[in-house]
Amino acid sequence: MKLQQLSLFLENRPGRLEAPLSAIAAEGINILTLSLADTAQFGILRLIVRDWEKAKRVLEQAGWVVNLTEVVAVDVLDRPGGLAEALRILEDADLNIEYMYAFSLRRGDKAILIFRFEDPDRAIQVLTEKGLHVVDGEELMSFVP
Amino acid sequence: MMSVNSTMTNQAHPMWDRAAETMPRAEREALQLERLRAQVERARRVPFYRDILNHRELGPHSIRSLDDVRRLPFTTKDDMRRQHPLGLLAVPRKELARIHGSSGTTGKPTFVGYTANDLQTWSDLCARFLVAGGLRPEHTAQVAFGYGLFTGGFGLHYGIEKVGAAVIPVAAGNTRRQLEIMRDLDPEVLICTPSYALTIADTAREMGLEPRALPIRIGHFGGEPWTEDMRREIEEQLDIQAFNNYGLSEIIGPGVSGECQARTGMHIQEDHFLVECLDPETLEPVPEGEPGELVITALTREAMPMIRYRTRDIARLYRDPCPCGRTTMRMSRVTGRTDDMLIIRGVNVFPSQIEEALLRVEGTTPHYLIEVSRPGTLDEVHVKVEIHPEIFSDRMDRMQALCERISREIQTVAGIRAHVDLVEPRSIERFVGKAKRVLDKRGLTD
Ligand SMILES: [Zn+2]
């Protein structure tokens, strides 16, 4: 149910984002989604790719520091209140969200959110119990062109 | 003291201690020789010196001329570190009246002890250069130096009081407040680091004030290296006369030397300090007027009789007569160091201190670089640390906490605020052999 996310350290200067993305593309690895968190000095690029093991190897060989994290993808209704509902469930269950971002593609009336939890296993359990759909890797890959 | 004070008025060149400052050379040399012998005798009370002197069979009897100082051992910063905290004291601990400190090469400061007499001597020495540079009893002086272990604040403070002028002990920082106080109290004299004088001018303009219209007319600046260009800039921007002074905590603090109105070098208070200028490699004296490392023997210090302290400061010495009438030898600005010590906003910082701070945060060494710049008027330090798997997290809060932690450790060990820049792996240049850890982009020498 959990997805493997790659995180990369980048200095915050022009052109820095392009290099790792090209390196992965050159190996024919599809990027399913990406998010960039940054400060004035540096950024953390987070990637979900089709073949994370290969991508990690490629990036590390090219000299990047890559960190592997388990994240959880959740379907939420793409309408006002859809996200709020999911967040309320998590808050009621006292689940800490380290950070979250939206998946780049939507599926019908659903948006997919990627969550980084302190305790992903418990988060999956709570979300499933409350009737939310946790999207696994295979399913995620299946609707990405 | 009244007799001394009276020599300050009705003279073309007021002096704090005319007798000492204009003493004929031969007479002063005789005094130096006598004091040097006494100091060697006093040094025998310090086990560190006693062992070396006994081993070399040296004593006051070995000093027949001033040149014989060269038979005496050197004292280095490392010796001070090994004698930490107060192993170099020549008096019982209870005789101490004050303890100051300066940056050590590692996390621990180097402590310096003073007896009550030492403190009197020190304020007299500060009074000498302050008067030489225009301070008068009727003046008010604003001290924007740090007060604390650092000797700058207290040294100047008591020197100003000794002259009979009024002190405003604002201490370092909070520039807007400095300016408000300056406008309220009209001090004629400003005491701070030269770079801070420019910050005051900048901040005045930000506050809509004309820096040239500020009440200060005289500045006594020290604690960090500066250039003639900087002096011109300070004098132009603030419409003041700027004077340079020199000293170091290991010896006494400010007061070793300072400029007179002629501003052709800093007059060394030779009755209290025997200053040699040596080639740092051969340790032989350099020809007069050539740059060399200053090696200073404190001739009158009671608590810590420093013998031939290697300052690591590079300067030149001049003996030609000065129009002011003082007969003392003069020294140039400090134009460099023989070690890697940096002076950041007046604080002495050794790269080894930064390394020690980084060692406290796992995974931040060995690849780092200390970059010093002066984007405006104040020094800025960026410590670049290469990221690697051990310290990288996908969480921004953790990464920011890491930067803050490194910055806090640097503040603790080195006493300065540094920006921590995390950089990509292998982005810091690799060196074969000794790594280059410091990039100083300030251009502080003429
Ligand atoms: Zn002079």
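Given the structure is predicted, the values throughout are model-derived calculations rather than measurements.

**Description of the interface of chain A and chain B**
If you look at the interface, chain A gives 23 residues, while chain B gives 17 residues. Between chain A and chain B, roughly 1600 Å² of surface is buried when both sides are summed, and carbon and sulfur atoms account for 63% of that area. Ranking the residues of chain A by area buried against chain B places Phe9(A), Phe42(A) and Val65(A) at the top, with a combined share of 36%. Remark: the boundary between chain A and chain B carries three salt bridges. Among the ionic pairs, Glu98(A) bridges to Arg395(B), the shortest N-O distance being 3.0 Å. At the boundary of chain A with chain B, the tally comes to eight residue pairs in polar contact (both at pLDDT 80 or more). Of all the secondary-structure elements, those providing two or more residues to the side of chain A that touches chain B are strand E1 (3-11), strand E2 (31-38), strand E3 (42-49), strand E4 (66-77) and strand E5 (97-107) of chain A. Considering each element in turn, the side of chain A that touches chain B owes the most residues, six residues, to E1(A). Taken together, the residues of the side of chain A that touches chain B break down into nine nonpolar, seven polar and seven charged.

**Things to note about the sheet that holds strand E19 (residues 380-386) of chain B**
Residue and element names in this part refer to chain B. The strand order E20-E19-E18-E21 describes an open sheet built from four strands, whose pairing is mixed. Single-partner strands in this sheet number two, and they are strand E20 (419-423) and strand E21 (438-440). Sheet twist, expressed as the average angle between the axes of neighbouring strands with direction ignored, equals 20 degrees. Its contacts with the sheet put helix H11 (residues 351-359) on strand E18 (368-373), E19 and E21, and the angle it makes with E18 is roughly 130 degrees. Along the sheet face, helix H12 (residues 396-414) touches E19 and E20 and points at about 135 degrees away from the line of E20.

**Some points on the domain arrangement of chain A**
It is common to give the size of an interface as the accessible area lost on bringing the parts into contact. Residues and elements named next belong to chain A. Along its sequence, chain A is carved into domain 1 (2-69) and domain 2 (70-141). For domain 1 versus domain 2, the distance between C-alpha centres works out to 22 Å. In total, domain 1 and domain 2 occlude about 1400 Å² of area from one another, counting both sides; carbon and sulfur atoms represent 60% of this. Along the contact surface separating domain 1 from domain 2 lie five residue pairs in polar contact (both at pLDDT 80 or more). Contributing elements (two or more residues each) for the side of domain 1 that touches domain 2: E1, E2 and E3. Here the side of domain 1 that touches domain 2 gets four residues from one element, more than from any other, and that element is E1. When its residues are assigned to classes, the side of domain 1 that touches domain 2 shows four nonpolar, six polar and three charged.

**Concerning the sheet that holds strand E4 (residues 166-168) of chain B**
Residues and elements named next belong to chain B. If you trace the nine strands from one edge of the open sheet to the other, you get E4-E3-E5-E6-E7-E8-E9-E14-E13, paired in mixed fashion. Each edge of the sheet is formed by a strand with only one pairing partner; in this case those strands are E4 and strand E13 (317-318). Of the strand pairs in this sheet, strand E9 (residues 266-268) and strand E14 (residues 330-331) are connected by two bridges, and their pairing is antiparallel. Looking at E14, one finds that His-267 is bridged to Arg-330. The strands touched by helix H7 (residues 151-163) within the sheet are strand E3 (140-143), E4, strand E5 (189-192) and strand E8 (253-259), with E8 carrying the most contacts at an inclination of about 60 degrees. Docked against the sheet, helix H8 (residues 175-185) engages E3, E4 and E5, running at close to 175 degrees with respect to E3.

**Points about the domain arrangement of chain B**
Residue and element names in this part refer to chain B. Once the domains are mapped, chain B shows domain 1 (6-339) and domain 2 (344-440). Between the C-alpha centres of domain 1 and domain 2 the distance comes to 32 Å. Contact residues are listed per partner, giving 18 residues for domain 1 and 14 residues for domain 2. Contact with domain 2 buries area across many residues of domain 1, yet Ser-103, Thr-105 and Gly-107 alone supply 34% of it, more than any other trio. Inspection of the domain 1/domain 2 interface yields one salt bridge. Among the salt bridges present, the one from Arg-374 reaches Glu-224, with a minimum N-O distance of 3.9 Å.

**What about helix H2 (residues 52-61) of chain A?**
All names here are of chain A. Those residues of H2 not exposed but buried are Ala-55, Val-58 and Leu-59. Each buried residue of H2 sits inside an arc of 95 degrees when the element is viewed along its axis, so together they form one side. Contacts made by the buried residues of H2 are with E1, helix H1 (18-26), E3 and E4. Gly-63 occupies a position one or two residues after H2 and carries a positive phi of about 105 degrees.

**Quick look at the coordination of the zinc ion**
Residues and elements named next belong to chain B. Protein ligation of the zinc ion involves Cys-260 (SG), His-267 (NE2), Cys-322 (SG) and Cys-324 (SG), the donor distances falling in the range 2.1 to 2.3 Å. One can describe the donor arrangement at the zinc ion as tetrahedral, given that its four donor atoms subtend angles of 102 to 116 degrees at the metal. Each donor residue of the zinc ion belongs to the same chain, with the gaps between them written as C-x6-H-x54-C-x1-C. His-267 carries the same exposure label as Cys-260, and that label is buried.

**Some details on the packing of helix H9 (residues 194-206) of chain B against helix H10 (residues 228-238) of chain B**
Residues and elements named next belong to chain B. Axis separation between H9 and H10 bottoms out at 10 Å; the angle between their running directions is 30 degrees. Seen along the crossing, H9 lies across H10 with a hand that is left-handed. Along the contact surface, H9 presents Pro-194, Ser-195, Ala-197, Leu-198, Ala-201, Asp-202 and Arg-205, while H10 presents Met-230, Glu-233, Ile-234, Gln-237 and Leu-238. Residue composition of the contact of H9 with H10, grouped by class: seven nonpolar, two polar and three charged.

**A short note on the packing of aromatic side chains**
Tallied over the entire structure, the rule returns 10 aromatic pairs over all chains. Taken together, a centroid distance of 5.0 Å and an interplanar angle of 15 degrees make the contact between Tyr114(B) and Trp122(B) stacked. For Tyr114(B), a relative accessible area of 0% corresponds to the buried category. With centroids separated by 5.9 Å and ring planes inclined at 85 degrees, the aromatic side chains of Phe221(B) and Trp226(B) adopt a geometry described as edge-to-face. Comparing Phe221(B) with Trp226(B) shows no difference in burial state: the two are buried. One aromatic cluster in this structure is built from Phe9(A), Phe42(A) and Phe392(B). Sitting above the plane of the Trp226(B) ring, Arg333(B) keeps its charged end 4.6 Å from the centroid. When the ring centre of Tyr368(B) is taken as reference, the NZ or CZ atom of Arg437(B) above it lies at 4.2 Å.

**Side note on the side chain of Gln39(B)**
Residue and element names in this part refer to chain B. Residue position: Gln-39 is located in helix H3 (residues 25-43). Exposure remark for Gln-39: the relative accessible area of 0% places this residue in the buried category. Once residues within four sequence positions are removed from consideration, Gln-39 is found in contact with Ala-298, Leu-299, Thr-300, Arg-301, Pro-305 and Ile-307.

Cut-offs applied
Residues numbered from 1 in each chain as written. Chains lettered and ligands numbered in written order. Predicted model: local features only at pLDDT ≥ 70, side-chain atom pairs only at ≥ 80, totals over all residues. Heavy atoms only, no water. Contact = heavy atoms within 4.5 Å. Buried area = accessible area lost by both parts, 1.4 Å probe. Salt bridge = Lys/Arg side-chain N within 4 Å of Asp/Glu carboxyl O. Polar contact = N/O pair within 3.5 Å; in protein donor to acceptor, adjacent residues only side chain to side chain. Helix = DSSP H or I, 4+ residues; strand = E, 2+ residues; numbered from the N terminus. Nonpolar A, V, L, I, M, F, W, Y, C, P; charged D, E, K, R; others polar. Pairing = 2+ DSSP bridges. Axes fitted to C-alpha atoms, helices over the stretch in contact; angles between N-to-C directions. Domains from an automatic or database assignment. Buried < 20%, exposed > 50% of the residue type's maximum accessible area, 1.4 Å probe, protein only. Arc of directions from axis to C-beta. Donors = N, O, S within 2.8 Å, 3.2 Å for Na, K, Ca; no water. Tetrahedral: all angles 85-135°; square planar, octahedral: opposite > 155°, others 65-115°. Left-handed = near helix turned anticlockwise from the far one by under 90°. Phe/Tyr/Trp six-rings, centres within 6.5 Å; stacked < 30°, edge-to-face > 60°. Lys NZ or Arg CZ within 6 Å of the ring centre and 35° of its normal.

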